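# Understanding the architecture of this molecule
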2 protein chains.
Amino acid sequence: MLTKTDRREFLRTTGGIAALTALASGNSTKAQTGPKAGWAIVGLGNYAQYAMQRFTASQQSRIAALVSSDPAKAAQISNRYGVNSGNIYNYENFDSIKENDDVSVVYIITPNGTHSDLAIRAMEAGKHVIVEKTMAATSADAIRMIQTARRLDKKLMVAYRARFEPFNQNVIRMAREEEFGTITSIVAHKGFTIGNALGKNDWRLDRKLIGGGSLVDIGVYSIQACRYIAGAEPVEVTATVSNTSGDPRFKDVEESIAFTLKFSNGCLATGSSSWNYSLQNYFRAVGTKGWVELNPATSNGNLRMFASKDVVRSGQAPQPSRVVEERHFTNIDQLPAMFDHFSDCVLNDKQPLLPMEEGLRDLEVIEAIYESARTGRAITPIYAEV
Amino acid sequence: MLTKTDRREFLRTTGGIAALTALASGNSTKAQTGPKAGWAIVGLGNYAQYAMQRFTASQQSRIAALVSSDPAKAAQISNRYGVNSGNIYNYENFDSIKENDDVSVVYIITPNGTHSDLAIRAMEAGKHVIVEKTMAATSADAIRMIQTARRLDKKLMVAYRARFEPFNQNVIRMAREEEFGTITSIVAHKGFTIGNALGKNDWRLDRKLIGGGSLVDIGVYSIQACRYIAGAEPVEVTATVSNTSGDPRFKDVEESIAFTLKFSNGCLATGSSSWNYSLQNYFRAVGTKGWVELNPATSNGNLRMFASKDVVRSGQAPQPSRVVEERHFTNIDQLPAMFDHFSDCVLNDKQPLLPMEEGLRDLEVIEAIYESARTGRAITPIYAEV
């Protein structure tokens, strides 16, 4: 059960149901006629190039600057998006962005292990920061980022785009409203086959760059989902790793990892992540009176929701139902919704929907999972007071 | 990957694919004109009364005797099924069944903690034994049962009815034939709400009678499924228990338990069982080239299979597919199929499809899960050589 303290804590750290439902109803994506926040894009890899395309659908955000170690690539991309050539930076002169009033937001889309240093440099340069997941390679780095944001009064948010779209937001609402009774179980799996579509030189196979394996690449979505559905924090974690021996892709990083999470409110979660699955991307929240599943759960579009509620007849005990209904919400363009939310916070000095501690909590759970897999012991995560 | 040794071991202990597919194609349920084996039903509770109704559809099995501590109930049921009043036993005079040539099979449907003593007494009385799951309350008891069967040359089988129907058998076949590539993950969950439909005096809430909690009641289906899909044995187990504090149903037994299993071939399974879920009964096997799910997976009827295979285009790497197809098999009457298989083995001196070690292996894994939950350590199950 969600105790009153759990609930209060959860609402405090998420901005509450009102904030969630306001976003879900699309208030944040209506046409704006005011100024657009200028964003600097740090890192110009595949995902960054995909994300940049979505600025065309953004009402309050524009690409104002680029940061790259590759001048030719930066020049080409600056042409495509009309970025002034004076607004192209590399990692040596990046700090001089402090002088550039055209940029108010720095969006970091580099390998995970570089996030914290770049985010801290950006905040020292006076900018607000949005950073791709995971927030950093370690919780210690994430703490330094949060401390810097506090000291310099900068906004800092992890780019959990699924938190800005209606399917995931409605699962959270249904869980809080106990539509399916008390949520006693969560199942969350993510997987795909790495090294085929993206080539064997995928940077994610380098532990120094990513800080882990499939868990930090895609499992972080499941950790986030388990936490926002449970509305509580894990207090006990177990985990097991499996790597195919001799597979060169996985000599340095974990291929597959399975975990259990026991939450402070008694909810039990099981999940896994793998770079050696056929595509898996779903979660299911099981309550005492029904269940709800998103499948796909956290892809950027094409989400679907399925649900089943036990049948209650007057004067009888509830009976389980085999009737599964599909529930329909709008598949929104997630990235522009997230961009505009953060720009709105920066332009109008609002608190982001997602407090910066969200990224730290995920890393603390991930570190407990890795420690459990390494030691063969159930681990109680340590949550830093920052 | 399934190594050659794994595969050989699996085929040895399951009787092989040929045996599975022969059953799946319905060979065992065709009309028989020969004699029927006489069965003694031990225990006349709810499930036993349900099972007895299914003897009407059985071609090689008939109810020949009853064993109960309740003479009135036994008399009433003997009338319904035309059982000779001389063939009614209680637990004191049960051993005299040795003199009764009308009975060749004893079917034990009593609380789990009583299985081993009754099975051993039945074998000492010269009878073959089929026993409901779990095989016994402990692996030590299961070993004594197996040793007795070996010493007295009796057939002994655990009543895993799902092994006798086409949906589960075809999942096993698909896994062995690697239709979805190497199976790298299995997800298996079972749950329902205890104490509503069946009343608060359900014997399963008494640890002395059941030997555990939801795991031995329903989780055993998931353990079986993970083992027969993986075609290998778990080598590392982790687990976490959660009980709702203050709920009188769960003061003595576990309510919910979540586990991970790492198999000798590298496959990772996650699962859970609970007496405090809305109805859950499914498993999903995920391979490197697709996945297959049964949902419901092990109910007695109404099973459904869903599958998705990655799309392979000439000259390209495999692409994950979002296309889910339903695959149709016949929902057979599982109990008569199982009864007739065992009767056929007894009448014609054949080896049962399921070796008796299957029940022991499940108990050894269950005990490792409980030990992990109790100690907070990853546990390597110990598999007895019997």
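Throughout, a residue's number is its position along its own chain's written sequence, starting from 1. Chain labels run from A onward and ligand labels from 1 onward, assigned in the order the entries are written. Totals for whole chains, interfaces and linings use every residue, but because this is a predicted model, local features are given only for residues with pLDDT of at least 70 and side-chain atom pairs only at 80 or more, for both listing and counting. With hydrogens and water stripped out, all remaining heavy atoms of the structure feed into the side-chain values.

On to the side chain of A:K127. Residues and elements named next belong to chain A. Among the structural elements, K127 can be located in the loop between helix 5 (115-124) and strand 5 (128-131). Per-residue accessibility, obtained with a 1.4 Å probe over protein chains only, is compared with the maximum for each type, and a residue is labelled buried under 20%, exposed over 50%, and partly exposed between these values. None of His or the chain ends enter the tally, which takes Lys and Arg as positive and Asp and Glu as negative. Salt bridge criterion: a side-chain nitrogen from Lys or Arg within 4 Å of a carboxyl oxygen from Asp or Glu. Buried and unpaired, K127 has D101 as its nearest opposite-charge partner, separated by 5.2 Å. A contact between two residues is defined here by any heavy atoms of the two lying within 4.5 Å. Other than its neighbours up to four places away in sequence, K127 contacts I97, K98, N100, V103, S104, V106, A122 and K154. Secondary structure elements follow DSSP: runs of H or I of four or more residues count as helices, runs of E of two or more count as strands, with numbering from the N terminus.

So, on to the interface of chain A and chain B. With 49 residues of chain A at the interface, the matching set in chain B holds 49 residues. Put simply, buried area is the surface a 1.4 Å probe can reach on two separate parts but cannot reach once they are joined, added for both. Summing both partners gives a buried area of about 3,900 Å² for chain A against chain B, and 55% of it is carried by carbon and sulfur. Per-residue buried area on chain A facing chain B is highest for A:T240, A:L268 and A:R322; these three make up 15% of the total on that side. At the surface where chain A touches chain B, the tally comes to zero salt bridges. Whenever two N or O atoms come within 3.5 Å, that pair is a polar contact, provided that in protein one can donate a hydrogen and the other can accept it, and provided that, for residues adjacent in sequence, both atoms are side-chain atoms. At the junction of chain A with chain B, the criterion picks out 23 residue pairs in polar contact (both at pLDDT 80 or more).

Turning next to the domain arrangement of chain A. All names here are of chain A. Structurally, chain A comprises domain 1 (31-161 + 337-354) and domain 2 (166-331). Domain segmentation is taken from an automatic or database assignment of domains. If you average the C-alpha positions of domain 1 and of domain 2, the two centres end up 28 Å apart. Approximately 1,000 Å² of surface area, both sides summed, lies buried where domain 1 meets domain 2, with 56% of it carried by carbon and sulfur atoms. Together, P111, Y160 and R161 form the three largest contributors to the area buried by domain 1 at its contact with domain 2, with a combined 42%. Taken together, domain 1 and domain 2 are joined by zero salt bridges. In this structure, the connection of domain 1 to domain 2 is made through six residue pairs in polar contact (both at pLDDT 80 or more). Asp, Glu, Lys and Arg are counted as charged, while Ala, Val, Leu, Ile, Met, Phe, Trp, Tyr, Cys and Pro are counted as nonpolar; the rest, among them Gly, fall into the polar class. In terms of residue class, the side of domain 1 that touches domain 2 is made up of five nonpolar, four polar and two charged.

The next subject is the packing of helix 7 (residues 166-176) of chain A against helix 9 (residues 214-230) of chain A. Residues and elements named next belong to chain A. Axes, fitted as lines to C-alpha atoms, cover a helix only where it is in contact. Angles between the N-to-C directions of the axes lie from 0 to 180 degrees. As a packed pair, helix 7 and helix 9 sit with axes 8 Å apart at the nearest point and diverge in direction by 35 degrees. Contacts between helix 7 and helix 9 involve N168, V171, I172, A175 and R176 from the former and Y228, I229 and A230 from the latter. Residue composition of the contact of helix 7 with helix 9, grouped by class: six nonpolar, one polar and one charged.

With that settled, consider the packing of aromatic side chains. Stacked, edge-to-face and tilted labels apply to pairs of Phe, Tyr and Trp rings (six-membered ring for Trp) whose centres lie within 6.5 Å, assigned for plane angles under 30 degrees, over 60, and everything in between, in that order. Considering all chains together, one arrives at 16 aromatic pairs over all chains under this definition. Seen in terms of ring centroids, A:W39 and A:F55 are 5.4 Å apart; in terms of plane orientation they differ by 75 degrees. Their pairing is edge-to-face. One end of the pair, A:W39, is in strand 1 (residues 37-42); the other, A:F55, is in the loop between helix 3 (46-53) and strand 2 (61-67), and 16 residues separate them in sequence. When sorted by exposure, A:W39 lands in the same class as A:F55, which is buried. Aromatic side chains A:Y47 and A:Y50 sit 5.7 Å apart centroid to centroid with 45 degrees between the ring planes, which places their arrangement in the tilted category. Taken as a pair, A:Y47 and A:Y50 lie in helix 3 at a separation of three residues, close to a single helical turn. Of the residues examined, A:Y47 reaches a relative accessible area of 30% and is grouped as partly exposed. Aromatic ring contacts, followed pair by pair, group A:W39, A:F55, A:Y107, A:F339 and A:F342 into a single cluster. Whether a charge lies above a ring is judged from NZ of Lys or CZ of Arg, which has to be within 6 Å of the ring centre and within 35 degrees of the ring normal. When the ring centre of B:Y282 is taken as origin, the NZ or CZ atom of A:R284, which lies over that ring, is 4.6 Å away. Sitting over the face of the ring of B:Y221, B:K190 holds its NZ or CZ atom 4.1 Å from the ring centroid.

A residue counts toward the fit only if its pLDDT is at least 70 in both copies, and the copies are then superposed by least squares on the C-alpha atoms of those residues. Take chain A, turn it by 180 degrees, move it 0.0 Å along the axis, and it overlays chain B with an RMSD of 0.0 Å. On this basis, the relationship between the two copies can be described by a two-fold rotation axis. Proximity to the rotation axis, assessed at the C-alpha, singles out A:R377 in chain A; its C-alpha lies 2.2 Å from the axis. When you check the interface residues of chain A against chain B, 100% turn up at the interface there too, and the contact is symmetric in its surfaces.

Another aspect to go through is the packing of helix 5 (residues 115-124) of chain B against helix 6 (residues 139-152) of chain B. Residue and element names in this part refer to chain B. In contact at an axis separation of 9 Å, helix 5 and helix 6 are set at 5 degrees when each is read in the N-to-C sense. By the angle between their axes, helix 5 is roughly parallel relative to helix 6. Across the interface between the two elements, H115, S116, D117, A119, I120, M123 and E124 of helix 5 pack against D141, R144, M145, T148, A149, R151 and L152 of helix 6. A breakdown of the residues in the contact of helix 5 with helix 6 according to their chemical character gives six nonpolar, three polar and five charged. Each angle is binned into one of four classes, with values under 35 degrees roughly parallel, values over 145 roughly antiparallel, values of 65 to 115 roughly perpendicular, and all other values oblique.

Turning to the pattern of salt bridges, a few remarks are in order. Think of it this way: side chains of opposite charge can pair up when their charged atoms draw near. Residue and element names in this part refer to chain A. Overall, the coordinates contain 50 salt bridges over all chains when judged by the stated rule. Among the ionic pairs, K309 bridges to E179, the shortest N-O distance being 3.5 Å. Of the two residues, K309 is situated in strand 13 (residues 305-309) and E179 in the loop between helix 7 and strand 7 (183-193); the sequence distance between them amounts to 130 residues. We classify K309 as partly exposed; its relative accessible area is 36%. R204 is paired through a salt bridge with D202; the nearest N and O atoms lie 2.9 Å apart. By the burial criterion, R204 is buried, and D202 matches it. Where salt bridges share partners, they join R163, R227, E233, E358 and D362 into one cluster.

Another aspect to go through is the environment of A:K98. Residue and element names in this part refer to chain A. Structurally, K98 is set in the loop between strand 3 (88-89) and strand 4 (105-108). Placed 211 residues apart in sequence, K98 and K309 show a C-alpha to C-alpha distance of 55 Å. Not counting residues up to four positions away in its chain, the partners in contact with K98 are E124, A125 and K127.

So, on to helix 11 (residues 357-375) of chain B. Spanning 19 residues, helix 11 of chain B covers 27 Å between terminal C-alpha atoms, matching the ideal 27 Å at 1.5 Å per step. Within two residues after helix 11 of chain B, B:G376 carries a phi angle of roughly 70 degrees, on the positive side. For a helix, the expected span equals 1.5 Å multiplied by the residue count minus one.

A word on the pairing of strand 4 (residues 105-108) of chain B. All names here are of chain B. Here strand 4 shows a buried face lined by V105 and Y107 and a second buried face lined by V106 and I108. Whether two strands pair depends on DSSP finding at least two bridges between them. By the bridge criterion, four bridges tie strand 1 (residues 37-42) to strand 4 in an arrangement that is parallel. Counterpart to V42 in the pairing with strand 4 is I108. Relative to strand 5 (residues 128-131), strand 4 runs parallel, the two sharing four bridges. Following the sheet pairing, Y107 is matched in strand 5 by I130. You can see the chain leave strand 4, run along helix 5 and come back into strand 5, and the turn it takes is right-handed. Assignment of crossover handedness uses the view with strands pointing away from the viewer, where a clockwise path from the first strand over the helix to the second indicates a right-handed crossover.

Read from one edge of the open sheet, six strands run 3-2-1-4-5-6 (chain B), paired in parallel fashion. Every other strand in the sheet has two partners, leaving strand 3 (88-89) and strand 6 (156-158) of chain B as the edge strands with one partner each.

Before going further, it helps to examine the confidence of the model for chain A. Low-confidence regions, as indicated by low pLDDT, have predicted coordinates that should not be scrutinised in detail. All names here are of chain A. With 88% of its residues at a pLDDT of 70 or more, chain A has an overall mean of 91. As a per-residue measure, pLDDT reflects the predictor's confidence and takes values from 0 up to 100. Scored below 50 in pLDDT, residues 1-22 makes 34 contacts in the model with residues more than four places away or belonging to other chains. Within the model, pLDDT remains below 50 along residues 24-29, and this stretch shows nine contacts once partners closer than five positions in the same chain are excluded. Both confidence scores are given for the complex: pTM 0.91, ipTM 0.90.

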